[in-house]
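So you can see what is in the structure, the chains are spelled out below.
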Amino acid sequence: MSREPRYIHHVNFPTTDPDRTAEWYGRVFGMKRIQPKSNTRVVLMTKGHFDLHFTPVEEMERMAPYHFAVEVDDWDEFLAHLKELGIRHTRPIERPENQSKFCYIHDPDHTMIELVYHHRRPH
């Protein structure tokens, strides 16, 4: 038995429109909505090893600068995917010291998401 955590299982964010949120994360990240067996209103989204939960709220509070980051496998392909979906992103920044890139997008509730790419990071 280990006393150290294995990994982060999920993070939970607020949403003002659960169905819109599930549809958006499905289109953008290919996540699937899981129907909970318990009596919960929380939206459960998964990509197999990457889970997000969303708790319905009546009104959204400002979240910035809080965010989560998603590593993408192909930087140019993912930015082209965003363009096809009409999703705007901030100006990409490159970090030559570790051959990485990053930029930010926002979901429909304005939750900030950092997109990151590391050229030589193992999968």
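Here the structure is a predicted model, which means the values were calculated and not measured.

1. Side note on the overall build of the chain
Consideration 1: Helix and strand counts for the chain stand at 2 helices and 8 strands.
Consideration 2: In the chain, the succession of helices and strands from N to C terminus is β-α-β-β-β-β-α-β-β-β.
Consideration 3: Over its C-alpha atoms, taken along the principal directions, the chain stretches across nearly 50 × 45 × 25 Å.
Consideration 4: Expressed as a percentage of its 123 residues, the buried residues of the chain come to 33%.
Consideration 5: Considering only contacts within the chain whose residues lie at least 6 apart along the sequence, 52% involve residues at least 24 apart.
Consideration 6: For the chain, the exposed surface amounts to about 9000 Å²; the carbon and sulfur share of it is 50%.
Consideration 7: On the chain, the mean spot of the 17 positive side-chain charges and the mean spot of the 19 negative ones are 3 Å from each other.

2. Describing helix α2 (residues 75–85)
Residues three or four positions apart in an α-helix share a direction because the helix packs 3.6 residues into each turn.
Consideration 1: By the burial criterion, the buried members of α2 are W75, F78, L79 and L82. The buried residues of α2 occupy an angular sector of 100 degrees when projected down its axis, which confines them to one face. The exposed residues of α2 that point more than 90 degrees off its buried face are D76, E77, K83 and E84.
Consideration 2: Elements that come into contact with the buried residues of α2 comprise α1 (18–29), β7 (100–106) and β8 (112–118).
Consideration 3: The N-cap of α2, judged by a side-chain oxygen 3.3 Å from the amide nitrogen of D76 a few residues on, is D74.
Consideration 4: Of the residues one or two after α2, G86 is the one with positive phi, at around 75 degrees.

3. Some remarks on unusual backbone geometry
Consideration 1: The backbone of Q99 shows a phi angle near 50 degrees, a positive value even though the residue is not glycine.
Consideration 2: Tracing the chain through its elements places Q99 in the loop between β6 (93–95) and β7.
Consideration 3: The class for Q99 is partly exposed, based on a relative accessible area of 39%.
Consideration 4: Non-glycine residue H110 carries a positive phi angle of around 70 degrees.
Consideration 5: Here H110 is to be found in the loop between β7 and β8.

4. A few points about the side chain of D109
Consideration 1: Looking at where D109 falls in the secondary structure, it is placed in the loop between β7 and β8.
Consideration 2: Separated by 2.5 Å, the side chains of D109 and T16 make a polar contact.
Consideration 3: Polar side-chain contacts of D109 include one of 3.0 Å to the side chain of R20.
Consideration 4: Dropping the residues within four chain positions of it, D109 is found in contact with P14, T15, T16, D17, R20, T21 and M60.

The rules behind these values
Residues numbered from 1 in each chain as written. Predicted model: local features only at pLDDT ≥ 70, side-chain atom pairs only at ≥ 80, totals over all residues. Heavy atoms only, no water. Helix = DSSP H or I, 4+ residues; strand = E, 2+ residues; numbered from the N terminus. Buried < 20%, exposed > 50% of the residue type's maximum accessible area, 1.4 Å probe, protein only. Contact = heavy atoms within 4.5 Å. Areas by Shrake-Rupley, 256 points an atom, 1.4 Å probe, with all protein chains shown as cover. Lys, Arg positive; Asp, Glu negative; His and termini not counted. Charge placed at Lys NZ, Arg CZ, Asp CG, Glu CD. Arc of directions from axis to C-beta. Polar contact = N/O pair within 3.5 Å; in protein donor to acceptor, adjacent residues only side chain to side chain.

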